[in-house]
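Coordinate analysis (summary)
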Amino acid sequence: MSVVEKEILLFWEYVKRNAAARSKNKMPNQPIKVYYLPPSPPCRSIIMAAKVIGVDLELVLTNIMEGHHMTPEYLKMNPQHTIPTMDDSGFILWESRAILAYLANAYGRDDSLYPKNPRQRAIVDQRLNFDLGTLYVRYSALYLPMLFRGEEYDEQKADQLDEALGWLNTFLEGRAFVAGDNLTIADISIIVTITNLEAFGYDMSGHPNLTKWFERTKKALEPYGYEEVDVAGAKVLANFLKKD
Ligand SMILES: N[C@@H](CCC(=O)N[C@@H](CS)C(=O)NCC(=O)O)C(=O)O
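A few points on the structure. Fair warning: this is a prediction, and the values are worked out from it, not measured in the lab.

1. A look at the overall build of the protein chain
A tally of regular secondary structure across the protein chain gives 9 helices and 4 strands. Tracing the protein chain from N to C terminus, the helices and strands come up as α-β-α-β-α-β-β-α-α-α-α-α-α. Overall, the protein chain is about 80 × 50 × 30 Å in size when its C-alpha atoms are taken along their principal axes. For the protein chain, the proportion of its 244 residues judged to be buried stands at 45%. For the protein chain, the accessible area works out to roughly 13100 Å², and carbon and sulfur atoms hold 55% of it. In the protein chain, which carries 27 positive and 32 negative side-chain charges, the distance between the mean positions of the two groups comes to 6 Å.

As structure tokens, this is what we get:
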């Protein structure tokens, strides 16, 4: 066999192996359960990502206002008692960003939502960690006391949130999406906070890259439930804000 024939054979084996691995991974055997509540921001990101990926979810309403997350059954599954929690044929996972990465890895048609290239993936991970450790923390510090305890707007906390939005604005310099040229799970994780801010009337006009990205990402997610899932959930939360 010539060298060229050997190369062709090896390549063909590689194509077949990959196709087999991909088709094995493609669809879950049973519907993936997600314990959720519609207005919950991290739950909204999971529902939109599943639609982008094209995987069906069985949504299990879990009303944390009524303690559905504190039952012995729920605590056995997730001792940290948070929503969203995912059950994929007995594989239990919580923390929305970990769930996003799992769904994209396990069921993504390709790796565009969560790249396999180490450096590209590292940028997506950096954005997800920024979201978890900084943006969502600063958003929560300002708004959760206002939403659930009727507290007043705190200027110092607002400045800290605006500083985080400024960093996000800088990350977006020369990029269409938060981690590069295409939509990734980092955009889907971050947009839910930005959608809340819009619903709460937060002025983001000082961050032009951010506002342009927001419009672009809304359009990208429009076919995947942006209005029905994300905006609708944010509006429910906005109703909790004290009106002057
Ligand atoms: N970092 C977590 C946050 C999850 C979280 O705090 N969810 C809230 C609802 S939005 C919750 O479950 N609260 C009830 C509790 O913590 O007991 C994630 O992204 O999944």
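2. Focus: the sheet that holds strand E1 (residues 32-36)
Pairing is mixed in the open sheet, where 4 strands are placed in the order E2-E1-E3-E4. The outermost strands of the open sheet, each flanked by one partner alone, are strand E2 (57-61) and strand E4 (91-94). Averaged over all pairs of adjacent strands, the angle between their axes in this sheet comes to 20°, without regard to strand direction. Inspection of the sheet shows E1 paired to strand E3 (residues 85-88) by 3 bridges, in the antiparallel sense. Residue pairing for E3: Tyr35 is matched across the bridge by Thr85. Against the sheet, helix H4 (residues 96-107) contacts E1, E3 and E4, and its axis sits at roughly 135° relative to E4.

3. Quick notes on a nonpolar patch on the surface
On the surface, Ile64, Met65, Leu144, Phe148, Val236 and Phe240 cluster together into a nonpolar patch covering about 510 Å² of accessible area. With respect to the secondary-structure elements, Val236 resides in helix H9 (residues 226-238).

4. Some thoughts on the side chain of Asp131
Relative to the elements of secondary structure, Asp131 occurs in helix H5 (residues 118-149). With near-sequence residues (within four places) excluded, Asp131 lies in contact with Arg97, Tyr136, Val137, Ser189, Ile190 and Thr193.

5. Quick word on the pairing of E2
The pairing of E1 with E2 spans 5 bridges and is classified as parallel. Following the sheet pairing, Lys33 is matched in E2 by Glu58. Between the parallel elements E1 and E2, the chain passes through helix H2 (residues 41-53) in a crossover that is right-handed.

6. Examining the site of the ligand
Ser40, Pro42, Ile64, His69, His81, Thr82, Ile83, Pro84, Glu95, Ser96, Arg97 and Leu132 make up every residue found near the ligand. Here Ile83 contributes a backbone N or O atom positioned 2.9 Å from an oxygen atom of the ligand. Isolated, the ligand exposes 500 Å² of accessible area, and the fraction of that covered by the protein chains is 75%. Structurally, the ligand is housed in the largest pocket. Among the residues forming the shell around the ligand, the class breakdown is 5 nonpolar, 5 polar and 2 charged.

Basis of the calculations
- Residues numbered from 1 in each chain as written.
- Predicted model: local features only at pLDDT ≥ 70, side-chain atom pairs only at ≥ 80, totals over all residues.
- Heavy atoms only, no water.
- Helix = DSSP H or I, 4+ residues; strand = E, 2+ residues; numbered from the N terminus.
- Buried < 20%, exposed > 50% of the residue type's maximum accessible area, 1.4 Å probe, protein only.
- Areas by Shrake-Rupley, 256 points an atom, 1.4 Å probe, with all protein chains shown as cover.
- Lys, Arg positive; Asp, Glu negative; His and termini not counted.
- Charge placed at Lys NZ, Arg CZ, Asp CG, Glu CD.
- Pairing = 2+ DSSP bridges.
- Axes fitted to C-alpha atoms, helices over the stretch in contact; angles between N-to-C directions.
- Contact = heavy atoms within 4.5 Å.
- Patch = residues over 30% accessible without salt bridge, like charges linked within 9 Å, V, L, I, M, F, W, Y side chains within 5 Å.
- Salt bridge = Lys/Arg side-chain N within 4 Å of Asp/Glu carboxyl O.
- Right-handed = clockwise from strand over helix to strand, strands pointing away.
- Near = heavy atom within 4 Å.
- Polar contact = N/O pair within 3.5 Å; in protein donor to acceptor, adjacent residues only side chain to side chain.
- 1 Å grid on protein atoms, 1.4 Å probe; cavity = no way out; pocket = protein on both sides within 12 Å on 5 of 7 lines; lining within 4 Å.
- Sits in = over half its atoms within 2 Å of the grid points.
- Nonpolar A, V, L, I, M, F, W, Y, C, P; charged D, E, K, R; others polar.

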